[in-house]
Amino acid sequence: MIRIPILAAAMAIAVTPALAEPHRYELDPTHTTIAFLVDHLGYADTLGAFLEFEGGFTYDMDTRELSNVEITVKTASVESFNEARDNHVRSKDFLDVEAFPVMTFRADGGAPANETTGTVEGNLTLLGQTHPLTLDVTLNKAEKYPFGHGRFTLGISARGTVQRSAYGMAYAVDNGFVGDEVQLIIETEAMRIEE
């Protein structure tokens, strides 16, 4: 009589599916773009990117819970395809890269809208100041990579807007030469860290 409930309990444990668990992901530097668009004199937007960065996050595929987001960008790695402009952007008028060599985005959660879209609300630290930043995020694909590293990979697109004057970057805002709002563009393949 005692053996039957014990056996039943053991069988129940055996057939119970494993609970969802979060995994850590890291940005693939080869397949990640962190870029921006900013208005120039009202004629057109200037496109630029940051070439050196690292980051990752923790994500649970089943519950869609996100945590421990941290992306660090080396400000001196800015590239707008014009050497003179890049040198100006690195100066005290804009990124002041000597005094502030990195900018960092951190977040501890997200709000899914459905299975593939949602928002991530975090904080961006730039020029020594920290302000809220919301990213609109789309999960494009989630499956094992078909070649190369072969790791489970999330394909993600994210967009956000930064008001640069809020961080004290007021150069050319009042005269309208350079836009105050900067559009952020993030495209990444985030690889699961195998444990």
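The rules behind each value
- Residues numbered from 1 in each chain as written.
- Predicted model: local features only at pLDDT ≥ 70, side-chain atom pairs only at ≥ 80, totals over all residues.
- Heavy atoms only, no water.
- Buried < 20%, exposed > 50% of the residue type's maximum accessible area, 1.4 Å probe, protein only.
- Helix = DSSP H or I, 4+ residues; strand = E, 2+ residues; numbered from the N terminus.
- Pairing = 2+ DSSP bridges.
- Patch = residues over 30% accessible without salt bridge, like charges linked within 9 Å, V, L, I, M, F, W, Y side chains within 5 Å.
- Areas by Shrake-Rupley, 256 points an atom, 1.4 Å probe, with all protein chains shown as cover.
- Salt bridge = Lys/Arg side-chain N within 4 Å of Asp/Glu carboxyl O.
- Contact = heavy atoms within 4.5 Å.
- 1 Å grid on protein atoms, 1.4 Å probe; cavity = no way out; pocket = protein on both sides within 12 Å on 5 of 7 lines; lining within 4 Å.
- Points joined across faces, edges and corners; volume = space filled by probe spheres on them.

A.B. asks: Mind showing me how you'd approach the pairing of strand β3 (residues 53-60) here?
C.D. replies: Strand residues, when the strand is regular, have side chains that alternate between the two faces of the sheet. Among the eight residues of β3, six are classified as buried, and the element is accordingly described as predominantly covered. For β3 and strand β4 (residues 65-74), the ladder comprises seven bridges, and the chain directions are antiparallel. Bridge assignment links Glu54 to a residue of β4, and that residue is Thr72. The turn joining β3 and β4, which pair antiparallel and follow one another in sequence, is formed by four residues; a positive phi near 60 degrees is taken by Arg64.

A.B. asks: Looking at this model, I keep getting lost on a nonpolar patch on the surface. Mind explaining?
C.D. replies: On the surface, Leu41, Tyr43 and Phe177 cluster together to form a nonpolar patch covering roughly 370 Å² of accessible area. With respect to the helices, strands and loops of the structure, Phe177 is situated in the loop between β9 (152-163) and β10 (178-192). Given a relative accessible area of 44%, Phe177 falls into the partly exposed group.

A.B. asks: Which parts of the structure should I look at to understand the environment of Gly179?
C.D. replies: Among the secondary structure elements, Gly179 is positioned in strand β10. In the structure, Gly179 is positioned 133 residues away from Thr46 in sequence and 9.9 Å away in space, judged by C-alpha atoms. With residues up to four places along the chain from it excluded, the contact list for Gly179 reads Val38, Asp39 and Arg164.

A.B. asks: What am I meant to see in empty space enclosed by the protein here?
C.D. replies: If you roll a probe as big as a water molecule over the atoms, it shows you where there is empty space left. Taken as a whole, this structure holds one cavity of 30 Å³ or more when the rule is applied. Volume-wise, the largest cavity comes out at about 450 Å³. Around the largest cavity, the lining comprises 27 residues; the ones closest to its centre are Tyr59, Leu66, Val120, Val137 and Ile156. Put simply, the parts of the chain that give the lining of the largest cavity at least two residues each are β3, β4, β6 (102-112), β7 (117-126), β8 (129-144), β9 and β10.

A.B. asks: Looking at this structure, how should I read the environment of Asp96?
C.D. replies: Examined against the element boundaries, Asp96 turns out to sit in the loop between α2 (83-90) and β6. Of the residues examined, Asp96 reaches a relative accessible area of 15% and is grouped as buried. Considered as a pair, Asp96 and Met169 are 73 residues apart in the sequence and their alpha carbons are 9.4 Å apart. The residues touching Asp96, leaving out its near neighbours within four places in the chain, are Val89, Arg90, Ser91 and Leu127.

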